[in-house]
Structures are given as C-alpha cells and as structure tokens.
Amino acid sequence: MNRPTTTGPVVRISSPRHCPERDDPRWTDWLTGTERVYAHSLARAEEHLSARKAAKEAVAQLVGWPGTPPWQDMEIARRADEAPVLRIRGRLADWMGERGLATPRVSLTHARGYAAALAWFPSGGER
C-alpha cells in the first residue's frame, strides 16, 4: 500500500500580499461555488477564501497528491458554530481510496490579512 509523503500534520500560511481580492477570478479555480458564497457572506472574505485554499494545499501535501491540487475535488464545509469539515470527491476520492487513506481533518484560522490551515489524519490515519 502506498503511504502519504508525510504523516502530518501539515500547516499552510498565506500572507496578505498573497491574498487576492475577493472578486479575483482565480478563486473560481481554487474554490467551489459553495465555498465562495460562504466566504463572501462574511466580513474579510479574502481571509476566509485564503484559509480554504490553504487547507486544500495542506490536504494535498498531507495525502501526497502528485502535482497541482485537485481543487474542485475538495470542499471545506462549515455550519454556524461547528468546525469546518473536509469533503472529498471525484478522482481524489478514488485515488485516496486506492491507498487506504482516511479523509483528513482540517482547522482554519485568519486575522489581519493572514490565513492559515492545518490538515492531519484522524487517529490511525486509515479508513
């Protein structure tokens, strides 16, 4: 069985100068429509958008995905007063399933233009 390149956790940080404006068209590549709508409903949308992108980068690194992250195969869902939840689908879900990898957990944070995310495998690291 193939293993991820790291056992985690993985942290990704985005500085204000790497945070595109909320209406930058790159967000449509990086985030799902649901993620963009959620972030745009909040103050400091750029920070929320960047935290989600950082989480996807951290997850891709954690699982050992080769190349550019499959942005649309990951979605960070969030309900009021609950922690964010990572949803995996498509070819990433198939790829992870072939390797026996569990869906990583994620934590997001942001302040003053900075955004960061942490990704880790649940206890045991396998399904």
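Heads up: the structure comes first, above all this text.
Residues numbered from 1 in each chain as written. Predicted model: local features only at pLDDT ≥ 70, side-chain atom pairs only at ≥ 80, totals over all residues. Heavy atoms only, no water.

Attention shifts here to the sheet that holds strand E5 (residues 114–120). On the basis of which strands lie adjacent, the open sheet formed by three strands has the order E1-E5-E4 and antiparallel pairing. Unpaired on one side and paired on the other, strand E1 (10–14) and strand E4 (105–111) mark the two borders of the sheet. In this sheet, adjacent strand axes meet at a mean angle of 15° when their direction is disregarded. In the sheet, E1 pairs with E5 via five bridges, with the strands oriented antiparallel. Counterpart to Ile 13 in the pairing with E5 is Ala 116. Lying on the sheet, helix H3 (residues 45–63) is in contact with E1, E4 and E5; it crosses E5 at an angle near 30°. (Pairing = 2+ DSSP bridges. Helix = DSSP H or I, 4+ residues; strand = E, 2+ residues; numbered from the N terminus. Axes fitted to C-alpha atoms, helices over the stretch in contact; angles between N-to-C directions. Contact = heavy atoms within 4.5 Å.)

Side chains that differ in sign of charge can pair as their charged atoms come close. Tallied over the full model, the rule gives nine salt bridges. In this structure, Glu 47 engages Arg 44 in a salt bridge whose closest nitrogen and oxygen atoms are separated by 2.7 Å. For Glu 47, a relative accessible area of 6% puts it in the buried group. Arg 44 sits in the partly exposed class, given a relative accessible area of 46%. When salt bridges with common partners are traced through the structure, they connect Arg 12, Lys 53 and Glu 57 into a single cluster. (Salt bridge = Lys/Arg side-chain N within 4 Å of Asp/Glu carboxyl O. Buried < 20%, exposed > 50% of the residue type's maximum accessible area, 1.4 Å probe, protein only.)

A separate point is unusual backbone geometry. If you check the backbone angles, Arg 44 has positive phi at about 60° while not being a glycine. Relative to the elements of secondary structure, Arg 44 occurs in the loop between helix H2 (33–40) and H3. One non-glycine residue, Arg 112, lies in positive phi territory at about 50°. Residue class for Arg 112 comes out exposed when judged on its relative accessible area of 79%.

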